[in-house]
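Chain residues, written in single-letter form:
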Amino acid sequence: MSFEHIYQQNPNFPNRYISPEKLFFYLQSNLKDYISEIGRSYLDRPVYQLRVGKGDIHVLAWSQMHGNESNATHAMLDLLESLNKAPEMKEELFSKIQLDFIFMLNPDGSEKWTRLNASDIDLNRDFHNEESGEIKILKNVVASQKYDYALNLHEQRTIFTTDGVHPATLSFLAPSEDVQRTVTDNRKKCMAVIANVYNHLKELIPNQIGRYSDEFYPTSTGDNFMKAGMPTILFEGGHFKDDYTRTGTRKYYTVALYYALKAMTELRSSTKDWENYFEIPENQETHYDIIYKNIELNTEHPCVLDVAVQYKEIKEEGKEEISFVPYVVVVGDVKTKRGWKEIDCKGKKFVSNSKYPKLDAEVDFTIQ
């Protein structure tokens, strides 16, 4: 039986937005024997680590380092929910690995649905400065024992595709350890795992798996953990067309998480078939959420242009799900890019209180 056939979403978390308090209550109510508090956030919220499995392959993973990237938290919850329905598969996996999963490393940012923490620090660029308490929590866990692998779990914007047509629903990376992007043994270990995952998923979501840029970032978490000797794999959950709440992404993120863990049990730090990693197409930055084409403005002289729009994700008070608010990001000629939705405005009327669409502002016009 394959994991994708037993996949089941955790019904307690139906929305893309996850309230930290709801998560904490769920963990305490359902997994209290497996979790421990490993620190407190800037606003004194708990950060929990779940430990599951008794194997000799030690794996560390963390979710929501960026508060507005919830797919990895969903993936861990869905992984456990699914494996509870398949006890033999669960036993086989967790008899070989010990997984330490840090839920919601940035609970303050997760509450507000922001990338940064409550003191406006990007945890993924704070490796050396250690200005945030949350990055110290993560580094303390890493220092507590030797991990064979780590999973740095993130999400990426809707702008990325694998080929200029298909969305990069999942992208992976074996991060560089230096500016030269040297293919080290550590990188090969990561590449071998990713190649294994790709082999499982490429038929499930064809043309929707990408390879993230391996540019070296001197202050980022994954690059520095790699440099320090811990093989660290980056996950990036992306877009499914017409699926901004990322329900489809959530499913395949979970499937990828399972196959990554399974590959670790089979490879056991070997670099077998690592070269297949390079079969994965590199991410391309090709799309906007919406492109309005051939807008004729209400100006004294003829003026026809295109307008590109991106959704801004906002958590509104009192709502259980995030809102998607359209913002103008480009005004002019955007013919080198495509839109997940394209609207040809030729022969139609531009209706607005302004003569021109306002850049970096909420969309305030209609096309009639």
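Rules and cut-offs
- Residues numbered from 1 in each chain as written.
- Predicted model: local features only at pLDDT ≥ 70, side-chain atom pairs only at ≥ 80, totals over all residues.
- Heavy atoms only, no water.
- Helix = DSSP H or I, 4+ residues; strand = E, 2+ residues; numbered from the N terminus.
- Contact = heavy atoms within 4.5 Å.
- Polar contact = N/O pair within 3.5 Å; in protein donor to acceptor, adjacent residues only side chain to side chain.
- Pairing = 2+ DSSP bridges.
- Axes fitted to C-alpha atoms, helices over the stretch in contact; angles between N-to-C directions.
- Parallel < 35°, antiparallel > 145°, perpendicular 65-115°, else oblique.
- Left-handed = near helix turned anticlockwise from the far one by under 90°.
- Nonpolar A, V, L, I, M, F, W, Y, C, P; charged D, E, K, R; others polar.
- Core = buried A, V, L, I, M, F, W, Y, C linked by side-chain atoms within 4.5 Å.
- Buried < 20%, exposed > 50% of the residue type's maximum accessible area, 1.4 Å probe, protein only.
- Salt bridge = Lys/Arg side-chain N within 4 Å of Asp/Glu carboxyl O.

(A) Representation of the environment of Y7 in the model. Structurally, Y7 is set in the loop between α1 (3-6) and α2 (20-30). Placed 72 residues apart in sequence, Y7 and L79 show a C-alpha to C-alpha distance of 7.5 Å. Y7 has contacts with D78, S82, R250, K251 and T254, leaving out every residue within four places of it along the chain. A polar side-chain atom of Y7 sits 2.7 Å from a polar atom in the side chain of D78.

(B) Region of the structure containing the sheet that holds strand β2 (residues 46-52). Ordered in space as β1-β2-β4-β3-β5-β9-β7-β8, the eight strands form an open sheet in which the pairing is mixed. Looking at strand neighbours, the two that pair on one side only are β1 (35-40) and β8 (209-211), the edges of this open sheet. With strand direction ignored, the average angle separating the axes of adjacent strands in the sheet is 20 degrees. Of the pairings in the sheet, the one linking strand β3 (residues 57-62) to strand β4 (residues 97-103) comprises six bridges and is parallel in character. Within β4, the residue paired with H58 across the bridge is Q98.

(C) Representation of the packing of helix α3 (residues 71-83) against helix α9 (residues 247-267) within the structure. In the contact formed by α3 and α9, the axes pass within 8 Å of each other and the chain directions differ by 70 degrees. Judged by the inter-axis angle, α3 sits roughly perpendicular to α9. In this structure, the crossing between α3 and α9 has a hand that is right-handed. Here N71, A72, H74, A75, M76, D78, L79 and L83 of α3 come into contact with α9, specifically with T249, R250, Y253, T254, L257, Y258 and L261. Residue composition of the contact of α3 with α9, by class: nine nonpolar, four polar and two charged.

(D) Broad picture of the nonpolar core. F3, M76, L99, L151 and L261 are the most contacted members of the largest nonpolar core, which has 70 residues in total. Of all the elements, α9 adds the most residues to this core, at twelve residues. Excluding residues that lie within four positions of it along the chain, M76 makes contacts with L50, V52, L99, F101, F103 and L257.

(E) Geometry of the pattern of salt bridges. Tallied over the entire structure, the rule returns 23 salt bridges. Between R16 and E155 there is a salt bridge, and its shortest N-O distance comes to 3.2 Å. A residue pair is termed long-range when its members are at least 10 positions apart, and R16 in the loop between α1 and α2 and E155 in strand β5 (residues 149-155) qualify at 139 residues. Judged by relative accessible area, R16 falls into the buried class, the value being 4%. Residue E155 is classed as buried on the basis of its relative accessible area of 7%. Of the charged contacts in the structure, one is a salt bridge between D273 and K272, with a shortest N-O distance of 3.0 Å. For D273, a relative accessible area of 40% puts it in the partly exposed group.

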